[in-house]
Structure formats: structure tokens, C-alpha cells
Amino acid sequence: MANGTADVRKLFIFTTTQNYFGLMSEFWDQPLLCNCLEINNFLDDGNQMLLRVQRSDAGISFSNTIEFGDTKDKVLVFFKLRPEVITDENLHDNILVSSMLESPISSLYQAVRQVFAPMLLKDQEWSRNFDPKLQNLLSELEAGLGIVLRRSDTNLTKLKFKEDDTRGILTPSDEFQFWIEQAHRGNKQISKERANYFKELFETIAREFYNLDSLSLLEVVDLVETTQDVVDDVWRQTEHDHYPESRMLHLLDIIGGSFGRFVQKKLGTLNLWEDPYYLVKESLKAGISICEQWVIVCNHLTGQVWQRYVPHPWKNEKYFPETLDKLGKRLEEVLAVRTIHEKLLYFLPASEEKIICLTRVFEPFTGLNPVQYNPYTEPLWKAAVSQYEKIIAPAEQKIAGKLKSYISEIQDSPQQLLQAFLKYKELVKRPTISKELILERETLLARLVDSIKDFRSDFETRCRGIPGDASGPLSGKNLSEVVNNIVWVRQLELKVDDTIKIAEALLSDLSGFRCFHRNAEDLLDQLKLYEQEQFDDWSRDIQSGLSDSRSGLCIEASSRIMELDSNDGSLKVHYSDRLVILLREVRQLSALGFVIPAKIQQVANIAQKFCKQAIILKQVAHFYNSIDLQMIQSQRPMMLQSALAFEQIIKNSKTGSGGKSQITWDNPKELEGYIQKLQNAAERLATENRKLRKWHTTFCEKVVVLMNIDLLRQQQRWKDGLQELRTGLATVEAQCPLAWQSKWEGPEDPLQYLRGLVARALAIQNWVDKAEKQALLSETLDLSELFHPDTFLNALRQETARAVGRSVDSLKFVASWKGRLPEAKLQIKISGLLLEGCSFDGNQLSENQLDSPSVSSVLPCFMGWIPQDACGPYSPDECISLPVYTSAERDRVVTNIDVPCGGNQHQWIQCGAALFLKTQ
């Protein structure tokens, strides 16, 4: 060692420099360095506060200042806390050492972020004594440095935006924050819109990544899938300039890094060797799933989907997150060790040997954290696993025999045999146990050979059939034939692939394995060929249909959107259901990894562009075509004006200043306005229909209530109910046609109707009083006083039948103006009849004179029921049977009676002769 390095101070500087820059030789042996003026000034001059060490191609250089361009190479800086001469005593108390990488901004940002901000803001002791204003300033400094770093190219001379530069993006949250900042601070409006678009896409996962440590392992398993969808949407977007490939590569890498660190942190809270097996198993499986799924996502997107995506193809090699993949494999090894241990415990007897095994088995892993994977820990891990295997070797020897006995009992059942091997897969993989189970593994191989034969037979039987048929592929829901067939064959591929994986894991050393593997791979190739043929056939059919205007696959942007069918008057939208199916097929086939031909993709893009409007128009068309079925028939005239207005909008689908041109798909503004008009008109019609249906139901309910009211005892309730009904009718009276109003029984004047109602009610009470006194049939009765006179006459018929001991069918109804009816056991005297169309003097009918009233009263008569074979008061030849109506409207018949007419019955029929009850 040179004399200069006998100085402890210089030795400290030289040693630190050598270690930092990785210098292999003792460079301080050089005399120039030992007597370096800059080093001496820093050590011996109290006013010299700084020593800069820099390595370049020319070697190591020292300086007492930091130059503007020093950040091109790595820089090491020694600086003093106090302006003092450095001595052996204050060497370690007065010198601070700092390195500088990339740029002073980056170095300061990382120092604040990683060291000073956590200590001063989060540590309870320091934050308690730290001025809150200074805490805010420190937080703002960290945020501001981050913004500058994310927006700069880390070249001190150029603090400008450079999108390909990702050195300031260390976590997914940095990337999300970058686009938030760009959306607010972009130089151009189009750049702001693009940044805002990416920001909104990333918002789906931004919160989860920001709070990643607070999530559970299972929640992050779901986050992997969501993240795949988000980055795929970001890459595939075509509304703005493409997302840079180098930036996406970096994003995939830092997302994988975040997932890996998360898994390590979560699993680091467990004692993987001593905690309950079920807890360790579930946690490790979730961690393995996170690692495996992200590796699969990167491989799938960058190796298949994006490479085939024509608008923005992935140009580099597929990205493979190697570190995350190896972490996943390490976790699999840890799970295998714990699983083997649990299986051993299951088979070992509860003896001293078992206790020894429990205490010694994990000793090789003492002091080793298995989730901390890196190239430096790998040799230590392998050595620990080797020691572990030596410890469990004796136990494996004993377990092999037990496992052999267990499997031999179930080997006749293929399903149970396979389940047993899968259950104890980790044990069967062990060389000792594998050798012992050679015959059982041969049996399993024979079963797997049979499975491959069954898969082949099932495929060959179904592959040409129709989905859902007994001889066709199994069918799924909402899948077209091509997608269904591909999904079905993919499921077969998975079964074959699983069979191959089982054989590779447990049976690869057997003599029949190669033949089995060859047959299985042949079948797998056959399935993949069928899958590709299905897609190719579909592509040809679709491309052929694109040239056929009748296929429903052609949509012209300049074509009319809808029109009324001239044959059946139905409204048809010029956007076929086949187009909707095509969109679903393109989306599903793309998700299955197929590259859609450009011509089909172009049609799908056009169809997708108008899909939203087409769906709305189809809903409107369905409403128009089915509204008549939703209307109550009697209410259709009430909705005529609204229906005509709706139809007028459909017929007049014109745009332009003079309304001369038709609205087409390629006029988005006019189309949106037209759709809005259609929706408004349809909503008005639907609302009106709902309102009228509601009133119809309400009226029915109110009438039912009125019918159950006792008019004599509940007159006020009747009046209130009638008023409610009248108010409701007034609401729709303007729309209500007279024909519909006439359906309501009774006069249009409610007061007149109420008078008649009350009169009938009082009269019925009088009838009841007479009946109780046995005097009803001896009085002259007025049938108009009854609500249902026909019911009264039928009751008289029944009483007569009982009195004479005959059936009601053997009686006939007669009337007499000559006097009482001798043949009638029971009879009544009726008054209040009116005659229209002629006159009657009690003896026979006669024609009206010029001065005769159109309606005349009829003299009281006797009525009753007599036997069919009895002679009535008048000869049939001299009588005419006239109907008796409840009112002059002749809308309801009470009965028919024979009236003497003196012959010539046709004369009285022609003059419209009829009887009716007087109005109350």
C-alpha cells in the first residue's frame, strides 16, 4: 500500500470509491491519486465542503465542484455536515456520502420518496416534532419532482415531454398519474383528449393498484384479469394515436413487478413451514395463480393477440416476465414441499418416528425465506431442498408400500384410480415411491390410453353433426354454430391436454409412454385442425355473404335506416339480426385468439358503429309492430291521434332544409335527432296507453265496489263512489268516444239515473213488505220497478212448478187481458207496459193513426205460467209473440208474451211492434 493510503481518511475515501464503482485493483497505488489536490483540499480545508468522484472512459476523476454535465456518468459525492477539517475522530461523524444516477432530479426524487418523506412524515417520533407546514412542503416537493421526472427525458438541459422515456415510471400508479398530468397539462387539445382517454381507461384499475397492499390475494387474482382487459383496450384503441410499444412493454414489466412484490409481501406474513397447511395451501395457490396468470396474459397478448392486430401490431418479440415466472415456480416448489409433508403425515403411524419427522423435516429451511427469489438465493434454496429430501427418504420407503396397497384396491375403477394418483401426485413423483408403484402406473397409463381412444371416438362421432343433436357437438347458450363448435372442440383439447400433462408428470419413464404421447398429440393436432377448419369455413361463408345483398350482412352507410313494409304494414329496420350475430361472432372469435379477416373486420367495425342506434330503432320498431296488442280494443279509438302522430314521424323520415333527403346511417346528428323524436313519440303513446289501461282497471274496480253497496243503508258511500267515478270519467271524457261511453248502463244524466235507482230501491222495499204480508201476488205490480224483472218472472215459474208438481220446462208463459187465468196456479197482475209501433185497446192490435202517439200505454193484464198442454186465453192463430224490453233502447229482453192481433202477423212485425217497461 502506498504511503498516502496510510492516512485513514484517504483510505475511507478510496475504499468507498472502489466498492461503489466496482474497481478490482487497488487504484490508490497510483501516486497521482494519493497526492490528489482535490482530495487534500476536501480533507484539510475546513471551507471546502464537497468532493465529487466520477468514473469515465478516461478513469476516475476528483473535483471539488459538480459540473453541469456530470450526470452523464455515475457520480459519487462526499460532503461535510460542518465546515471542519476532517480528522480520524470526526471522519465518520462529519462526512455524508451520496450517489447520483441519471439526473439530479431523479436522485433527489428517489431520496425524498424512499428515505426522507417516509421518515419525516410517517414515523411517529419525527412527524410529531416536524412542523406541519414543512411536512406539506415536503409532500409538495415529492409530488412536484415526480411530475417533472415523469415529463422530462432526464436530460438536465431539456425538461420537455418525451413519451418513450419511462425512467421516471417505477410503478403502475406512476403510469396512471402520468396520463392524469398529461390530460391537465398537455400542450395541444388533441394531446389532452388522448391523455384523458387513456386516463379514463386506466381508472378501472388505478384505485386497486394504489391500494394494492390492502387487497387480499384472491382480490388480486381478479385484478389480474381486469388488468388484462384494460391494457388490451389501451393497446387496441383506434380513436387516438397508438400507445407506444416501448411504453407498453415497460408497463407490462412494472405491473408484473408489482404483482410479484405483492405476493412476496403477503406470503411473507405467513410461516410457510409451521402455519396450518390449509391456510398455507390456499395462500400459495393464490400467489401461484397471480404469477402464472400474468405470465399467460403477457404471452397471450404480446405473442398472439397483439401481433395479429392489424391496426396496431406488436412488432417486438413476445414479452416474457421471467422473474415473475420463476417466483411462481418457487412457490410451486414450496407448496410441493408442504404437500409432500402432509401426505407423509397421513400415511405415517402416530409413533415416535412421526414426532421426529415433524421436528426435523424443515430444519434445512431455517433462516431461509422461500418467497425471496433471486439468483443469489437459488443455490441456498436448492441445497435446503436436497437436505429436506434426505431427511424424508426413510419415511418415503415405508409409505411406498402403503400407497401401493391403497391403489391396488381401487385400480379396477378407472375414475378412482385417476383421482388417487392426482390426490397423491406429489408423492408419486418421488423417485422411491415411483419405482415401487411401477405396476400401478402401468395400469394408469393403460387407462389414459383408453381415455384418448374415447376422446377420439366421441370427436369423430359428433364433429359433423348439428350442435345440440344426439350425434352433434354439445351446445352452449347464446353461441352461434361456429363458435359453439370451436368452444366444444377446445374443451376436448383441454381434456386431452390434461391427460398428457398427467402422463408427463407421473408416467414419462414407462415404456408405453412414447406411444401414448404420440397418439395423444396426433389427436390434439386433429382437434386443432378441426378448429381451424371451422373458422376457415365461417370466414368463407361470411365473405361470400358480403357480396350478396340478400344475406343481411351488407350495410350501406348511405342507406335508409327504416321503412314500412308495403305488404303487412310492419316497420322494419335496415339492420339485420344477422349483423348482430356477426358482431357477437367476431367478438367471441377474437377472444378465442383468431385473426379476423380484414374484410369481415371492416364490416364488423361499420356494424359496431351503428349498433347502438340500430338496437334502439329495433326496440321502437317492435313497439310500433306490437302496440295494437297492448291496447284494450275498446280504447283504440281513444289513442288514434297519438298513433297517427307516431306513424307520421316514421313515414316522414326526411332531413335537410326542404325535407327532401332521407335520414341515413352516415348522418349521425340527424340520426340522433330522429331517434330522439321516435323515442319521444313512442313514449307518449306508451304513456297514454298505460294511463288508459290504468283508468280502465280503476273504473272496473270502482264499479265492482258500487255494485256491492247497500243503496238503502249506505247512500253516502254510494254518492262518494259515484263522484269518484264521475271525476275519473271527466279526465278521459275528451278522448272517450260515444260508442265507448254507451257501454255504461243507464242514462247519461247521473241525476236521472240516481232517481231511477232510488225509485227502484224504494219500490223493491215495498215489494218486500208486501211479500212478508203474503199480499204481493194480490196487488197490481209494475215490473219496471225491478232491477232484474226477468229474474222475478223466473222465480214465479219455479214457485208455480212446485205448486203444481211439475218441472219448470213443462210450463209456458201467458198473458191475458180478458181476466184472470184459470189454468195458472199462481198469477200476477202487471201494469206499466208501453207499446211502440202500433196501438192496443185490450182486445187486439191496430195501426197508429196520424195523430197517435209513437208510444202508448198498455192496459194491465194477468200473467202466469201454465202447463204446456193447457190452452191459453187466446188462439195461436190470432196472436203474435211480442218481446218485452227493459227500455225503449231495446237492448235487453225481459220475456215474450202473446198479444191478440186478429191475424196477419207479418203486418205487426213490419211495423216494429214491441213492448217495453216504463222508465223510472
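Residues numbered from 1 in each chain as written. Predicted model: local features only at pLDDT ≥ 70, side-chain atom pairs only at ≥ 80, totals over all residues. Heavy atoms only, no water.

- Going by what an unreviewed UniProt entry lists, the protein chain is known as Dynein cytoplasmic 2 heavy chain 1 and is assigned to Theropithecus gelada.

Description of the overall build of the protein chain
Here is step 1 of the chain: The helix and strand inventory of the protein chain stands at 30 helices and 19 strands.
Here is step 2 of the chain: Burial analysis of the protein chain (920 residues in total) assigns 42% to the buried set.
Here is step 3 of the chain: Contacts in the protein chain between residues far apart in sequence, at least 24 positions, make up 67% of those at least 6 positions apart.
Here is step 4 of the chain: Surface accessibility of the protein chain: about 50,600 Å² in total, with carbon and sulfur atoms responsible for 51%. (Helix = DSSP H or I, 4+ residues; strand = E, 2+ residues; numbered from the N terminus. Buried < 20%, exposed > 50% of the residue type's maximum accessible area, 1.4 Å probe, protein only. Contact = heavy atoms within 4.5 Å. Areas by Shrake-Rupley, 256 points an atom, 1.4 Å probe, with all protein chains shown as cover.)

Focus: unusual backbone geometry
Here is step 1 of the chain: We note that Gln774 has phi near 60°; this positive angle belongs to a residue other than glycine.
Here is step 2 of the chain: Here Gln774 lies in the loop between α28 (750–772) and β9 (780–782).
Here is step 3 of the chain: In this structure, Arg890 takes a positive phi of about 55° despite not being glycine.
Here is step 4 of the chain: With respect to the element layout, Arg890 can be found in the loop between β17 (879–885) and β18 (893–900).

Some points on the confidence of the model for the protein chain
Here is step 1 of the chain: Taken as a whole, the protein chain shows an average pLDDT of 80; of its residues, 85% reach a score of 70 or greater.
Here is step 2 of the chain: When the criterion is pLDDT under 50, residues 153–160 qualifies, and its contacts beyond four places in sequence or with other chains add up to 19 contacts.
Here is step 3 of the chain: Below pLDDT 50 for its whole length, residues 656–660 participates in four contacts with residues either more than four positions away or in separate chains. (pLDDT = per-residue confidence, 0-100.)

Side note on the sheet that holds β9
Here is step 1 of the chain: An order of β9-β11-β16-β10 is seen for the four strands of this open sheet, with the pairing classed as mixed. With partners counted over all chains shown, the strands left at the sheet margins are β9 and β10 (811–816), one partner each. Neighbour to neighbour, the strand axes of the sheet diverge by 40° on average, direction disregarded.
Here is step 2 of the chain: Direction of pairing for strand β11 (residues 827–831) relative to strand β16 (residues 861–867): antiparallel, over a ladder of four bridges. Bridging across to β16, Ile828 finds its partner in Met863.
Here is step 3 of the chain: Of the strands in this sheet, β9, β10, β11 and β16 are in contact with helix α29 (residues 789–804), which crosses β10 at around 115°. (Pairing = 2+ DSSP bridges. Axes fitted to C-alpha atoms, helices over the stretch in contact; angles between N-to-C directions.)

What about a negative patch on the surface?
Here is step 1 of the chain: Residues Glu219, Asp222, Glu225, Asp229 and Asp233 make up a contiguous surface patch of negative charge.
Here is step 2 of the chain: Structurally, Asp229 can be placed in helix α10 (residues 217–236). (Patch = residues over 30% accessible without salt bridge, like charges linked within 9 Å, V, L, I, M, F, W, Y side chains within 5 Å. Salt bridge = Lys/Arg side-chain N within 4 Å of Asp/Glu carboxyl O. Lys, Arg positive; Asp, Glu negative; His and termini not counted. Charge placed at Lys NZ, Arg CZ, Asp CG, Glu CD.)

A closer look at the packing of helix α19 (residues 438–462) against helix α20 (residues 481–506)
Here is step 1 of the chain: Running from N to C, α19 and α20 point in directions that differ by 165°, and their axes come no closer than 11 Å. It follows that α19 is roughly antiparallel to α20 by the angle criterion. The interaxial crossing formed by α19 with α20 has left-handed handedness. Packed against α19, whose contacting residues are Arg441, Leu444, Leu448, Ile452, Phe455, Asp458, Phe459 and Arg462, the element α20 presents Trp488, Val489, Leu492, Lys495, Val496, Thr499, Ile502, Ala503 and Leu506 at the interface.
Here is step 2 of the chain: Looking at the contact of α19 with α20 residue by residue, the classes come out as twelve nonpolar, one polar and four charged. (Parallel < 35°, antiparallel > 145°, perpendicular 65-115°, else oblique. Left-handed = near helix turned anticlockwise from the far one by under 90°. Nonpolar A, V, L, I, M, F, W, Y, C, P; charged D, E, K, R; others polar.)

A short note on the pattern of salt bridges
Here is step 1 of the chain: Scanning the entire structure with this criterion turns up 24 salt bridges.
Here is step 2 of the chain: Taking the shortest distance from any N to any O, the salt bridge between Asp458 and Arg462 comes out at 2.8 Å. On the criterion of helical spacing, the pair formed by Asp458 and Arg462 is a turn pair, its members being four residues apart in helix α19.
Here is step 3 of the chain: With a relative accessible area of 18%, Arg462 lands in the buried category.
Here is step 4 of the chain: With a shortest N-O distance of 4.0 Å, Arg797 and Asp809 are connected by a salt bridge. Of this pair, Arg797 sits in helix α29 while Asp809 sits in the loop between α29 and β10, and the two are twelve residues apart along the sequence.
Here is step 5 of the chain: We classify Arg797 as buried; its relative accessible area is 19%.
Here is step 6 of the chain: Salt bridges sharing partners connect three or more residues here, namely Asp7, Arg9 and Asp44.

Some details on the pairing of strand β2 (residues 59–63)
Here is step 1 of the chain: In this structure, strand β1 (residues 50–56) lies alongside β2, joined through five bridges in antiparallel fashion. Looking at β2, one finds that Val53 is bridged to Phe62.
Here is step 2 of the chain: As consecutive antiparallel partners, β1 and β2 are separated by two residues.

Quick notes on the sheet that holds β17
Here is step 1 of the chain: If you walk across this open sheet you meet the five strands as β15-β12-β19-β17-β18, and the pairing is mixed. If you trace the sheet from one side to the other, it starts and ends with β15 (855–857) and β18, each paired once. Adjacent strand axes in the sheet meet at a mean angle of 30°, parallel and antiparallel pairs treated alike.
Here is step 2 of the chain: Inspection of the sheet shows strand β12 (residues 833–836) paired to strand β19 (residues 914–917) by four bridges, in the antiparallel sense. Across the sheet, residue Leu833 finds its bridge partner in β19, namely Leu917.

Looking at the pairing of β12
Here is step 1 of the chain: Of the pairings in the sheet, the one linking β12 to β15 comprises three bridges and is antiparallel in character. Paired with Leu834 across the bridge in β15 is Ser857.

Some words on the packing of aromatic side chains
Here is step 1 of the chain: Scanning the entire structure with this criterion turns up 31 aromatic pairs.
Here is step 2 of the chain: Arranged with centres 6.2 Å apart and planes meeting at 70°, the rings of Phe12 and Phe78 form a pair that is edge-to-face. Of this pair, Phe12 sits in helix α1 (residues 8–21) while Phe78 sits in strand β3 (residues 75–80), placing them 66 residues apart in sequence.
Here is step 3 of the chain: The class of Phe78 is buried, set by a relative accessible area of 0%.
Here is step 4 of the chain: Residues Phe362 and Tyr388 carry aromatic rings whose centres are separated by 6.2 Å and whose planes lie at 5° to one another, so their mutual orientation is stacked. Taken together, the residues Phe362 in the loop between α14 (352–360) and α15 (378–408) and Tyr388 in helix α15 connect sequence positions 26 residues apart.
Here is step 5 of the chain: Taking relative accessible area as the criterion, Tyr388 reaches 1% and is therefore assigned buried.
Here is step 6 of the chain: These aromatic residues form a ring-pair network of at least three members: Phe176, Phe178, Trp179, Tyr197, Phe198, Phe202, Phe209, Tyr243, Phe259 and Trp294.
Here is step 7 of the chain: It is Arg247 that lies over the ring of Phe178; its NZ or CZ is 3.9 Å from the centre. (Phe/Tyr/Trp six-rings, centres within 6.5 Å; stacked < 30°, edge-to-face > 60°. Lys NZ or Arg CZ within 6 Å of the ring centre and 35° of its normal.)

Structural notes on the packing of helix α12 (residues 277–305) against helix α13 (residues 322–347)
Axis angle and axis distance: for two packed helices, these are the angle between their axes and the distance between the axes, and together they describe the pair.
Here is step 1 of the chain: Close contact between α12 and α13 brings their axes to 9 Å; oriented N to C, the two are set at 155°. By the angle class used here, α12 and α13 are roughly antiparallel. Regarding α12 and α13, the two cross each other, and that crossing is left-handed. Contacts from Tyr277, Val280, Lys281, Leu284, Lys285, Gly287, Ile288, Cys291, Glu292, Trp294 and Val295 of α12 reach α13 at Leu324, Asp325, Leu327, Gly328, Leu331, Glu332, Val334, Leu335, Arg338, Thr339 and Glu342.

Looking at the environment of Ser846
Here is step 1 of the chain: Mapped onto the fold, Ser846 is located in strand β14 (residues 845–846).
Here is step 2 of the chain: Separated by 62 residues in the primary sequence, Ser846 and Trp908 place their C-alpha atoms 8.9 Å from one another.
Here is step 3 of the chain: With residues up to four places along the chain from it excluded, the contact list for Ser846 reads Cys838, Ser839 and Trp908.

So, the environment of Arg9
Here is step 1 of the chain: Among the secondary structure elements, Arg9 is positioned in helix α1.
Here is step 2 of the chain: When its relative accessible area of 11% is taken as the criterion, Arg9 is described as buried.
Here is step 3 of the chain: Distance in space between the C-alpha atoms of Arg9 and Ile39 is 9.7 Å, their sequence separation being 30 residues.
Here is step 4 of the chain: For Arg9, the residues in contact, after removing those within four places along its chain, are Leu43, Asp44, Val85, Ile86, Thr87, Asp88 and Leu91.
Here is step 5 of the chain: Reaching out from Arg9, the side chain makes a polar contact with the side chain of Asp7 at a distance of 3.0 Å. (Polar contact = N/O pair within 3.5 Å; in protein donor to acceptor, adjacent residues only side chain to side chain.)

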